[in-house]
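Fold and contact review
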Amino acid sequence: MIEEFQISTKSREEVVVITRRVEEIVAKSGVKNGLALVYVPHATAAVVLNEDEPRLREDILNKVKSLFPRGAGYRHDEIDHNANAHLASVFLGPFVVMPVVGGRLARGTWQDVMLVEMDGPRTRRVVVVVLGQA
Amino acid sequence: MIEEFQISTKSREEVVVITRRVEEIVAKSGVKNGLALVYVPHATAAVVLNEDEPRLREDILNKVKSLFPRGAGYRHDEIDHNANAHLASVFLGPFVVMPVVGGRLARGTWQDVMLVEMDGPRTRRVVVVVLGQA
Amino acid sequence: MIEEFQISTKSREEVVVITRRVEEIVAKSGVKNGLALVYVPHATAAVVLNEDEPRLREDILNKVKSLFPRGAGYRHDEIDHNANAHLASVFLGPFVVMPVVGGRLARGTWQDVMLVEMDGPRTRRVVVVVLGQA
């Protein structure tokens, strides 16, 4: 089963928790045991898994900004001033794959699914594929 | 097929090779052609693929520690003094997906599956999902 | 369906766009809805998703080289002088997973599949697994 939803980000850099949306699709899919792919078809955003805690979300953005600072003499900035966001997406990755066990996302207690926006505000698409046995 | 096993880590930072455990589950699954997801439901550990060589394992930990130093003024450290481990997990990722070909994990000669512990010692769960044609 | 192809890289560090090869395999697989795993069975190369733009490809290599500089006192270099390439592979990852929708790779407008060579020139294998409903 494949479904897609949209997220409208509000800032240039932002972490948006999307766990509930993904879980609704997993429930609806009828898949009992298998896996779920959560994918953004974008080159300046990413999907990661970690704890949904406001201060940690800030730490994540700060680390992304310090490893991939904006406007640090990138060649791509001659075309579009967002090379830093592309690089962050390359390193974080635009997808995660998670187990589905007993009809539910088998995430850990401290694991939420998060969209990392690095070139917002924009409308982002999130594609979820659920595969396995019904 | 879904199976899970546990790993008890012994240090704060540690790389534990888990290839054999994953291969046993792939063999048992009866899947001939498909893929295997190796996933840790944790926010301060990761799963990576690389060469099982002791000095390289040390280089990996050193690099993780230099990119994500402990106690470097993170906001999350006000709550729990392990923001560095969370950040490392965000960047390394808590999962890998590998091909299964002819009933075996199609890994390269120099590729082993490794659990990266960054907030141990702890008992870590590893969930393996094998999907494909029997 | 599983298929494999080879890429001969020409330099020590290089980004090679492989989208068309992956799309041919997806088309041939007959899978309408599901996912595709693109995997390199190598420990000194990686697979990433991002925009196929020459200056950005240069930025990606520059960032890889600045985060994982060659010969920076790594222990593994005592055995084989390519620890930097191993570390880059650990952080970038040797695989991507993408949705297949309506028989096609559901990639974004600015997303291409790229092999990142960090220890070339070499012949690299790329394994593609396509799973889902025909």
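Everything discussed here concerns the structure shown above.
Presented here is a report on the structure given in the accompanying data block. Note that the coordinates shown come from a computational prediction; the quantities given were computed from them, not determined experimentally. Numbers given for residues are sequential positions, taken from 1 along each chain in its written order. Both sets of labels track the order of writing: A upward for chains, 1 upward for ligands. For a predicted model such as this one, the threshold for reporting local features is a pLDDT of at least 70, and the threshold for listing and counting side-chain atom pairs is 80 or more; totals across whole chains, interfaces and linings nevertheless cover every residue. Side-chain numbers here rest on the full set of heavy atoms in the structure, without hydrogens or water.

Digging into the packing of aromatic side chains
Ring pairs shown here join Phe, Tyr and Trp side chains whose ring centres sit within 6.5 Å, with only the six-membered ring taken for Trp; geometry is labelled stacked below 30 degrees between planes, edge-to-face above 60, and tilted in between. On inspection of all chains with the given rule, the structure shows six aromatic pairs over all chains. When the centroid spacing of 6.2 Å and the interplanar angle of 65° are considered together, the rings of Phe 95 of chain A and Phe 95 of chain C count as edge-to-face. In this pair, Phe 95 of chain A is assigned in strand E5 (residues 95-101) and Phe 95 of chain C in strand E5 (residues 95-101), connecting two distinct chains. A single burial state applies to Phe 95 of chain A and to Phe 95 of chain C, both of which are buried. For the ring pair Phe 68 of chain B and Phe 91 of chain B, a centre distance of 5.3 Å and an interplane angle of 40° mean the geometry is tilted. Highlighted residues: Phe 68 of chain B in the loop between helix H2 (54-67) and helix H3 (83-92) and Phe 91 of chain B in helix H3, separated in sequence by 23 residues. In this scheme, a residue with accessible area under 20% of its type's maximum is buried, one over 50% is exposed, and one in between is partly exposed, where area comes from a 1.4 Å probe on protein chains only. Judged by its relative accessible area of 2%, Phe 68 of chain B is buried. Given a relative accessible area of 5%, Phe 91 of chain B falls into the buried group. Linked through ring pairs, Phe 95 of chain A, Phe 95 of chain B together with Phe 95 of chain C together constitute an aromatic cluster. Strands here are runs of E lasting at least two residues and helices are runs of H or I lasting at least four, both read from the DSSP assignment and numbered beginning at the N terminus.

Observations regarding the relation of the copies chain C and chain A
Superposing the copies works by least squares over the C-alpha atoms of residues that have pLDDT at least 70 in both of them. Rotating chain C by 120° and translating it 0.0 Å along the rotation axis places it on chain A, where the RMSD comes to 0.0 Å. Read as a symmetry element, the transformation amounts to a three-fold axis. Taking C-alpha positions as reference, the residue of chain C nearest the rotation axis is Phe 91 of chain C, located at 4.0 Å.

What about the interface of chain B and chain C?
Contacts are assigned to residue pairs with any non-hydrogen atoms lying within 4.5 Å of each other. Counting residues at the interface gives 33 residues for chain B and 28 residues for chain C. Summed over both partners, the accessible area (1.4 Å probe) lost when two parts come together is defined as the buried area. Overall, the association of chain B and chain C removes approximately 2,500 Å² of surface from exposure, summing both partners, and the carbon and sulfur fraction of that is 70%. Here, a salt bridge means any side-chain nitrogen of Lys or Arg that lies within 4 Å of a carboxyl oxygen of Asp or Glu. Summed over the shared surface of chain B and chain C, the number is two salt bridges. Glu 58 of chain B is paired through a salt bridge with Arg 75 of chain C; the nearest N and O atoms lie 3.1 Å apart. In protein, a polar contact means a hydrogen-donor-capable atom and an acceptor-capable atom, both N or O and within 3.5 Å, with residues adjacent in sequence counting only if both atoms are side-chain atoms; elsewhere, any N or O pair within 3.5 Å suffices. Connecting chain B to chain C are 12 residue pairs in polar contact (both at pLDDT 80 or more). Residue assignment for the side of chain B that touches chain C shows that the elements contributing at least two residues are strand E3 (33-39), strand E4 (45-50), H2, H3, strand E5 (95-101) and strand E8 (123-133) of chain B. The residue inventory of the side of chain B that touches chain C, partitioned by class, reads 20 nonpolar, six polar and seven charged. By the convention adopted, Pro, Cys, Tyr, Trp, Phe, Met, Ile, Leu, Val and Ala count as nonpolar, Lys, Arg, Asp and Glu as charged, and the other residues, Gly among them, as polar.

Treat this as a map of the structure, not an account of what it does.
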